[in-house]
Amino acid sequence: MTATDDKPQVMDANWLVFHPNPSRPVFTPPPGAVDAHCHVFGPAAEFPYAPERKYTPCDAGKAKLFELRDHLGFSRNVIVQATCHGKDNRALVDALRAAGDLARGVATVGEDISEADLAQMHDAGVRGVRFNFLRRLADFTPHDVLRRIADKVAAFGWHVVVYFEAPDLEELQPLFSSLPTKIIVDHMGRPDVALGVDHPQFQRFVRWMADDEKIWSKVSCPERLSQTGPPYADVEPYSRKIVETFSDRVLWGTDWPHPNLKTHMPDDGHLVDVIPRIAPTAALQMALLVDNPMRLYWAD
Ligand code: 0GY
């Protein structure tokens with residue numbers, strides 16, 4: 001145990017460690033496939049966790065992430081800043097620099113961020129900023145602050161990634177739709193899969209995507225949304241609906257190393273094997289795994 005800030009860097013006792021030996025998937029991703037939602041955590045001795053964090057993860061550094069990428073048959077990563085690192089993007093930027101052209105990133109910043117800092121992050125591969133609206137993870141960014149940050153990053157051609165729970169969409173939707181950038185929604189806005197795809201809650205999300213072409217969705221994290229567990233069949237109708245309806249605005253990611261899971265840690269190989277069930281044709285798989293993420297993250 002090391003102490004590098006005001007809290008000891010111990011893992012939360014009830015937080016599961018990522019799968020030590022994931023299986024090789026049966027599904028072979030198309031060449032150039034992108035894992036568009038994953039994280040790097042620490043190592044804490046080099047990149048301490050944020051004092052304001054709501055959980056302490058286990059260290060999950062860049063070497064392990066790149067090993068997993070190769071093992072699963074993927075070519076590239078989009079590394080997303082998680083709340084446990086707060087607005088300190090050093091671990092993210094370090095991983096991006098190490099990956100070269102094989103990774104892009106999504107950072108978390110405050111409104112005091114300078115143009116020079118944004119330019120440096122852009123040079124490292126950052127192409128978006130993330131705002132978290134889960135009460136258990138972060139304090140909400142006030143709307144006016146979020147808007148000022150979105151205006152700043154729009155000048156760099158970046159987009160905004162948002163993570164919220166389905167019941168909060170009604171309140172947040174006008175703000176998100178009024179921002180000047182593309183909006184990428186994490187994990188389909190976390191629908192309650194007990195309600196069914198025809199429930200007004202999920203239909204609101206589908207209608208929003210239909211009405212506003214700048215809204216994209218990650219069809220990730222069946223392991224977080226499922227109530228029945230592996231192979232996460234109860235989440236499939238939701239993901240497939242989004243993939244088939246909005247095939248040019250969807251992304252897929254592992255969410256490795258799966259922060260905050262307390263009862264079930266997925267085998268990443270099994271998560272990859274969900275893909276052909278939610279994107280049943282080669283054309284949909286190509287859009288989801290290659291064309292869409294390349295257009296969004298590697299256009300320049
Ligand atoms: C995810 C999900 C979670 C955590 C975070 O930033 C984060 O800490 O996003 C979660 O706990 O649901 O996408 O990593």
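Preceding block: the structure.
The text that follows walks through the structure, step by step, so that each part is easy to find. Computed from a predicted structure; not experimentally measured. (Residues numbered from 1 in each chain as written. Predicted model: local features only at pLDDT ≥ 70, side-chain atom pairs only at ≥ 80, totals over all residues. Heavy atoms only, no water.)

1. Details of the overall build of the chain
Next up, step 1: Secondary structure summary: the chain contains 11 helices and eight strands in total.
Next up, step 2: Relative to its length of 300 residues, the chain is compact, with a C-alpha radius of gyration of 18 Å against a globular reference of 19 Å.
Next up, step 3: Taken along its principal axes, the extent of the C-alpha atoms in the chain is 45 × 45 × 35 Å.
Next up, step 4: Within the span of the chain, comprising 300 residues, buried residues form 59% of the whole.
Next up, step 5: In the chain, the share of contacts with a sequence separation of at least 24, taken over all contacts with a separation of at least 6, comes to 77%.
Next up, step 6: For the chain, the accessible area works out to roughly 12100 Å², and carbon and sulfur atoms hold 53% of it. (Helix = DSSP H or I, 4+ residues; strand = E, 2+ residues; numbered from the N terminus. Rg over C-alpha atoms; globule rule 2.2 N^0.38 Å. Buried < 20%, exposed > 50% of the residue type's maximum accessible area, 1.4 Å probe, protein only. Contact = heavy atoms within 4.5 Å. Areas by Shrake-Rupley, 256 points an atom, 1.4 Å probe, with all protein chains shown as cover.)

2. Some words on the site of the ligand
Next up, step 1: The ligand sits among 16 residues. The nearest are His39, Tyr55, Thr83, Tyr163 and His187.
Next up, step 2: In the model, an oxygen atom of the ligand is placed 3.3 Å from a nitrogen or oxygen of the Arg224 side chain.
Next up, step 3: For the ligand, an oxygen atom lies 3.0 Å from a polar atom in the side chain of Asp255.
Next up, step 4: In isolation the ligand has 350 Å² of accessible area, and contact with the protein removes 100% of it.
Next up, step 5: Looking at the shell around the ligand residue by residue, the class counts come to five nonpolar, six polar and five charged. (Near = heavy atom within 4 Å. Polar contact = N/O pair within 3.5 Å; in protein donor to acceptor, adjacent residues only side chain to side chain. Nonpolar A, V, L, I, M, F, W, Y, C, P; charged D, E, K, R; others polar.)

3. Concerning empty space enclosed by the protein
Next up, step 1: All told, the structure shown has two cavities of 30 Å³ or more when counted by the stated rule.
Next up, step 2: The computed volume of the largest cavity comes to approximately 120 Å³.
Next up, step 3: Lining the largest cavity we find 15 residues, and of these Arg130, Leu137, Tyr163, Arg224 and Pro259 sit closest to its centre.
Next up, step 4: For the lining of the largest cavity, a count of residues per class yields five nonpolar, six polar and four charged.
Next up, step 5: Residue lining of the second largest cavity: Val40, Ile79, Val80, Gln81, Ala82, His85, Ala91 and Leu92, and that is the complete set.
Next up, step 6: Broken down by secondary-structure element, the contributors of at least two residues to the lining of the second largest cavity are strand 2 (76-80) and helix 2 (90-99).
Next up, step 7: Counted by class, the lining of the second largest cavity contains six nonpolar, two polar and no charged residues. (1 Å grid on protein atoms, 1.4 Å probe; cavity = no way out; pocket = protein on both sides within 12 Å on 5 of 7 lines; lining within 4 Å. Points joined across faces, edges and corners; volume = space filled by probe spheres on them.)

4. Re the layout of surface pockets
Next up, step 1: A volume near 440 Å³ is recorded for the largest pocket.
Next up, step 2: Forming the boundary of the largest pocket are 23 residues, of which Lys87, Thr108, Ala138, Asp139 and Thr141 lie nearest the centre.
Next up, step 3: Of all the elements in the fold, those that place two or more residues in the lining of the largest pocket are strand 4 (126-132) and helix 4 (143-154).
Next up, step 4: Broken down by element, the residue count for the lining of the largest pocket peaks at three residues, all from strand 4.

5. Remarks on the sheet that holds strand 5 (residues 159-163)
Next up, step 1: One open sheet accounts for eight strands, arranged 1-2-3-4-5-6-7-8; its pairing is parallel. What marks the edges here is a single partner per strand, and that holds for strand 1 (34-38) and strand 8 (250-251).
Next up, step 2: Sheet analysis places strand 5 next to strand 6 (residues 183-185), joined by three bridges and oriented parallel. Paired with Val162 across the two strands is Val185, which belongs to strand 6. (Pairing = 2+ DSSP bridges.)

6. Overview of the packing of aromatic side chains
Next up, step 1: Scanning the model with the defined rule gives 12 aromatic pairs in all.
Next up, step 2: Feature note: the residues Phe133, Phe140, Phe164, Phe176, Phe202, Phe205, Trp208 and Tyr238 constitute an aromatic cluster, connected by ring pairs.
Next up, step 3: Over the aromatic face of Trp298 sits the side chain of Arg76, whose NZ or CZ is 5.4 Å from the ring centroid. (Phe/Tyr/Trp six-rings, centres within 6.5 Å; stacked < 30°, edge-to-face > 60°. Lys NZ or Arg CZ within 6 Å of the ring centre and 35° of its normal.)

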